[in-house]
Structure formats: structure tokens, C-alpha cells
2 protein chains.
Amino acid sequence: MSIAVCLVSGGLDSCVSAAVAVSRGKVPAFLHVGYGQLTQEREEQAFEAIADFYEVQRRLCVSATYLEQIGGSALTDRAIPLPEGELDRPGIPLSYVPFRNANLLAIATSWAEVLEARQIYIGAVEEDSSGYPDCRGPFFEAFSEMIREGTKPETELSIETPLLDLRKKDIVLKGIELGAPLHLTWSCYQGTQVACGRCDSCRLRLRGFAEAGVIDPIPYETRPEGGCD
Amino acid sequence: MSIAVCLVSGGLDSCVSAAVAVSRGKVPAFLHVGYGQLTQEREEQAFEAIADFYEVQRRLCVSATYLEQIGGSALTDRAIPLPEGELDRPGIPLSYVPFRNANLLAIATSWAEVLEARQIYIGAVEEDSSGYPDCRGPFFEAFSEMIREGTKPETELSIETPLLDLRKKDIVLKGIELGAPLHLTWSCYQGTQVACGRCDSCRLRLRGFAEAGVIDPIPYETRPEGGCD
């Protein structure tokens, strides 16, 4: 039984990614990274709830608020308005946090090296996640190579991206197939206790559930795309 | 005039590395990362003093204390005794902070992307720095490749390691040649206001000055290797 560090933001994708690790018989170690995003507290609550669901013993909740100090993203910089309706626009969205996934994976790798874990699971999605450069296959391959060069010789660690080529619809279906606690997840970029239903993350999620023909189990202020509840 | 993010711990190597960036006509942006190391406060003081010396406008002091939460190193984990006399022992020393440089460079890259900087300077030293896996040339090459894959298409960023192949003696001489403020630097692993002179970092530094035939301008509690003051 090998340990897998699972990056769990508390959102839909990371929950299903962790469910895949569990389904493969790994001992999950859950890592949450807060970085001053608007919904940090609500995400941590979702993280703990999902960790409780899977009875995870090894949990680490850390702060990388320098990403907020650095700014450059609508997710962390209050001077940049949160995008709505950016989903179908080409290019890198305003919500891109510069090099965020590299920072998350570097933290995960440090912890994995101490735990002697063999995998890091990250719920990155290439196609649906709207053009973030650090969400693509070649980035993860380059990161894996960097791990091989930069860790102790006895460290054997792979990055697993089980959702990378899935669409949101398929992630919903995969989550249901694996019995993942989708009702405990949180995806909204701006709500506090109830998801707004309007931000790009809510819209992407609601669209995924609608295409899967499944009712999203969490409450929303509004469900602008209709047809799914 | 292009911006260069300089990772400045406050130690001798990072000071000389920043001096190289300045000598090449870069506009330096100084980044300090505290990670719960025993001497964090003293290092920050050295960082500010060196930044004042170079009249650096863009300064960022951030906290990555998750490295302390993760542990695994004598530098951050009080349960692991600080090494003395490990210098000539083969293998990875107890002061190795797992994957530290990857974490530092990930933070530097995020900031560099926002600043539109063209270089990141890091004072890593391969030969003298005693076998840390994330201090070697192939690691930095792999990191550069990962930057190319994981940042925006318009980001053009290289990692500069001007000291990588130097010995401590040559770093001292390079610092003096460039007029670097070596008297403001701090290298000790365990002191608070006066360097201990006994930890591996002090011994390595004192040995470098001695071999260079130069008196180290900072005070020490003791100078065990003698001959240099």
C-alpha cells in the first residue's frame, strides 16, 4: 500500500481526482493550499469534509499567500474584477494565477519526499480548464522530469493527472461511478456559503452536470443555464 | 534594461549572485523567502540591508512556512539536531530541506511573470553545497524547461546560476571584485545576532575566506579554523 499525496482544493475536480487515487488502492494524504483566493475559508471547509468522508489520517493545510502578494490574477487580486462570461473567449483568462500549479506541486513534492509517497494526484483538466499554461500535459511531464533531477536518489515519485483529458461532463460521471462525495465540494469563485451560479467556475460546473444529465447536489443562488434543476 | 528577480536569502552566495545581476546591468527585484528556518529574522535583516545597499525598489518578502510544517530537515525541524562537522561526510546532509529550491524558484517564477522579468538569479553552488539534489545543473535545466511549458507564451524567463561551478573561495573573490556588501551578509544556521562560527555553514564560509586570503568582515563567537583573523 503506497501513499499518494492528493492535492485537494475542495472543488469538484480535485475530489474526483482523489477518488481515483482511493479507487486504485492508494493511502491518500490530503494537501490543501490556501493562497488568498476569495473563497479560501469555504474551500478549506470542503477540504475537511471530503477528508472526513475518506477517513484520511494524513492531512496538511498550508498557506501560500505569497500568491496573493504577487497578484496578477482576478482570483487573488481584488483590483482585477472577477470574470463572468469568459468561458468561450480564447486566450488565458483573468483568473489565471501565475504558475500556480508549479507552486502547488512543489509543495506537494516536498511533503511527498518526507512521507516517502510514490504519487502526487492533481485534478488538473486540460480541455475544460480554459487555457491555463500550467494545466497541460507537457507541463506535467516537465515537472516530473524536474522532480527526478531535484529530489533524493531514493525518491520515486510520479505526478498523476487522471482527469487531464476528460471533459467536465465525464468528470461528473466518473465521480458518481466512484461514489465521490460531490455534495461536499465547492467550486464557486466568489460565494461564501452558497455558490453564486454566475462565475465562470459555477457555469462550467453546472454545464458539466447538465451535459451528464445529473442534478448538481449543491445549492446555488441562481442557476443561469437552467435545465438542470 | 530588463528586470531580474534575485533570490536573496541574505547569505554570502545570494549576495554575490545579486551583485552579478547588477554588474550585468539588470534592474534587480529582490525576493526573500522565509520558511521557518531558525535564523529567519536575522536573514530578513540581512536581506533588507543588502537591498538598501543596492537601492532596490522592488522587494518582496514572503513566507513559505509550510516547509517548516512539512519538516524533514534540521534547518526547520527542531526535532532534528543541527549538524556540525558534516562538511566532509558524503551523502545528503541533514540540513537538506526537501525540494526547497524548487519551491523558491516556483515563487520567483510567479513574481517574474507578473513583473515581466527576463531572468531569475539564484546563488546555488553545486560543488561546495554538499550534495543537495536541487543544487545541481541538471535540476536547473529541468526547471527552465518546466517554466517554458508552464507559463504564458509571451513569458521569456531564464534561470541564472552564476555561482554554480564556483568554490566558496572564488565566490568570496568574485564578491570583492564586484564590490558586493559582504559585511552585510548572514550565513550562520543557528546564531541570532552574532554568527556561531561552529555550524557547517559558518565553517564553509570561514574556510572560503581563509582560502581566499581575506578576513571575513562579520563578527563570530568563535573562529574554529583559525588563521583568518
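In what follows, the structure referred to is the one given above.
Residues numbered from 1 in each chain as written. Chains lettered and ligands numbered in written order. Predicted model: local features only at pLDDT ≥ 70, side-chain atom pairs only at ≥ 80, totals over all residues.

Asker: I tried to follow the sheet that holds strand E2 (residues 27-34) of chain B on my own but got confused; where do I start?
Answerer: Residue and element names in this part refer to chain B. Read across the open sheet, the five strands follow the order E3-E2-E1-E4-E5; overall the sheet is parallel. In the strand order of this sheet, the two ends are held by strand E3 (59-63) and strand E5 (158-160), each with one partner. Averaged over all pairs of adjacent strands, the angle between their axes in this sheet comes to 25°, without regard to strand direction. Note: strand E1 (residues 3-7) against strand E4 (residues 119-121), three bridges, orientation parallel. In the strand pairing of E4, Ala-4 is matched with Gln-119. Each of E1, E2, E3, E4 and E5 is contacted by helix H4 (residues 100-115), which is oriented at about 160° to E1, the strand it contacts most. (Pairing = 2+ DSSP bridges. Helix = DSSP H or I, 4+ residues; strand = E, 2+ residues; numbered from the N terminus. Axes fitted to C-alpha atoms, helices over the stretch in contact; angles between N-to-C directions. Contact = placed C-beta atoms within 7 Å.)

Asker: Honestly, the environment of Gln193(A) in this entry has me stumped. Any pointers?
Answerer: The topology assignment puts Gln193(A) in the loop between helix H6 (168-177) and helix H7 (200-212). Looking at Gln193(A), the number of C-beta atoms within 10 Å reads 10, which means it is exposed. (Buried ≥ 20, exposed ≤ 12 C-beta atoms within 10 Å, placed from the backbone.)

Asker: Got a minute to help me understand the packing of helix H5 (residues 137-150) of chain A against helix H5 (residues 137-150) of chain B in this structure?
Answerer: The description of two helices packed together rests on the angle between their axes and the distance between the axes. Contact pair H5(A) / H5(B): the axes reach a minimum separation of 8 Å and the direction vectors enclose 165°. Relative to H5(B), H5(A) is oriented roughly antiparallel. Handedness of the crossing formed by H5(A) with H5(B): left-handed. Contacts between H5(A) and H5(B) pair Pro138(A), Phe139(A), Ala142(A), Phe143(A), Glu145(A), Met146(A), Glu149(A) and Gly150(A) from the former with Pro138(B), Phe139(B), Ala142(B), Phe143(B), Glu145(B), Met146(B), Glu149(B) and Gly150(B) from the latter. Tallied by class, residues from the contact of H5(A) with H5(B) come to ten nonpolar, two polar and four charged. (Parallel < 35°, antiparallel > 145°, perpendicular 65-115°, else oblique. Left-handed = near helix turned anticlockwise from the far one by under 90°. Nonpolar A, V, L, I, M, F, W, Y, C, P; charged D, E, K, R; others polar.)

Asker: Help me understand the sheet that holds strand E4 (residues 119-121) of chain A, please; the structure alone is not making it clear to me.
Answerer: Residue and element names in this part refer to chain A. Pairing is parallel across the open sheet formed by five strands, whose spatial order is E3-E2-E1-E4-E5. Each edge of the sheet is formed by a strand with only one pairing partner; in this case those strands are strand E3 (59-63) and strand E5 (158-160). For this sheet the average axis-to-axis angle between neighbouring strands, irrespective of direction, equals 25°. Of the strand pairs in this sheet, strand E1 (residues 3-7) and strand E2 (residues 27-34) are connected by five bridges, and their pairing is parallel.

Asker: Where do I start with the relation of the copies chain A and chain B in this structure?
Answerer: Look at the two chain copies: a rotation about an axis and a shift along it is all it takes to match them. Expressed as a screw operation, the relation of chain A to chain B combines 0.0 Å of axial shift with a rotation of 180°, fitting to an RMSD of 0.0 Å. Read as a symmetry element, the transformation amounts to a two-fold axis. A shared binding surface is used by both copies, with 100% of the interface residues of chain A retained as interface residues in chain B. (Least-squares fit on C-alpha atoms with pLDDT ≥ 70 in both.)

Asker: Looking at this structure, how should I read the interface of chain A and chain B?
Answerer: How big an interface is tends to be expressed through the accessible area that disappears when the partners come together. With 34 residues of chain A at the contact, the number on the chain B side is 34 residues. Elements supplying a minimum of two residues to the side of chain A that touches chain B: E3, helix H3 (66-70), helix H4 (100-115) and H5 of chain A. Here the side of chain A that touches chain B takes ten residues from H4(A), the largest share from any one element. Across the side of chain A that touches chain B, the residue classes break down as 19 nonpolar, ten polar and five charged.

Asker: Can you help me understand unusual backbone geometry in this one?
Answerer: The general pattern is negative phi for most residues beyond glycine and trans for most peptide bonds. In the Ramachandran plot, Glu55(A) falls in the positive-phi region, its phi being about 50° despite a non-glycine side chain. With respect to the helices and strands, Glu55(A) occurs in the loop between helix H2 (40-53) and E3. Using a count of 7 C-beta atoms within 10 Å as the deciding quantity, one classes Glu55(A) as exposed. Here Glu116(B), not a glycine, exhibits a phi torsion of approximately 55°, which is positive.

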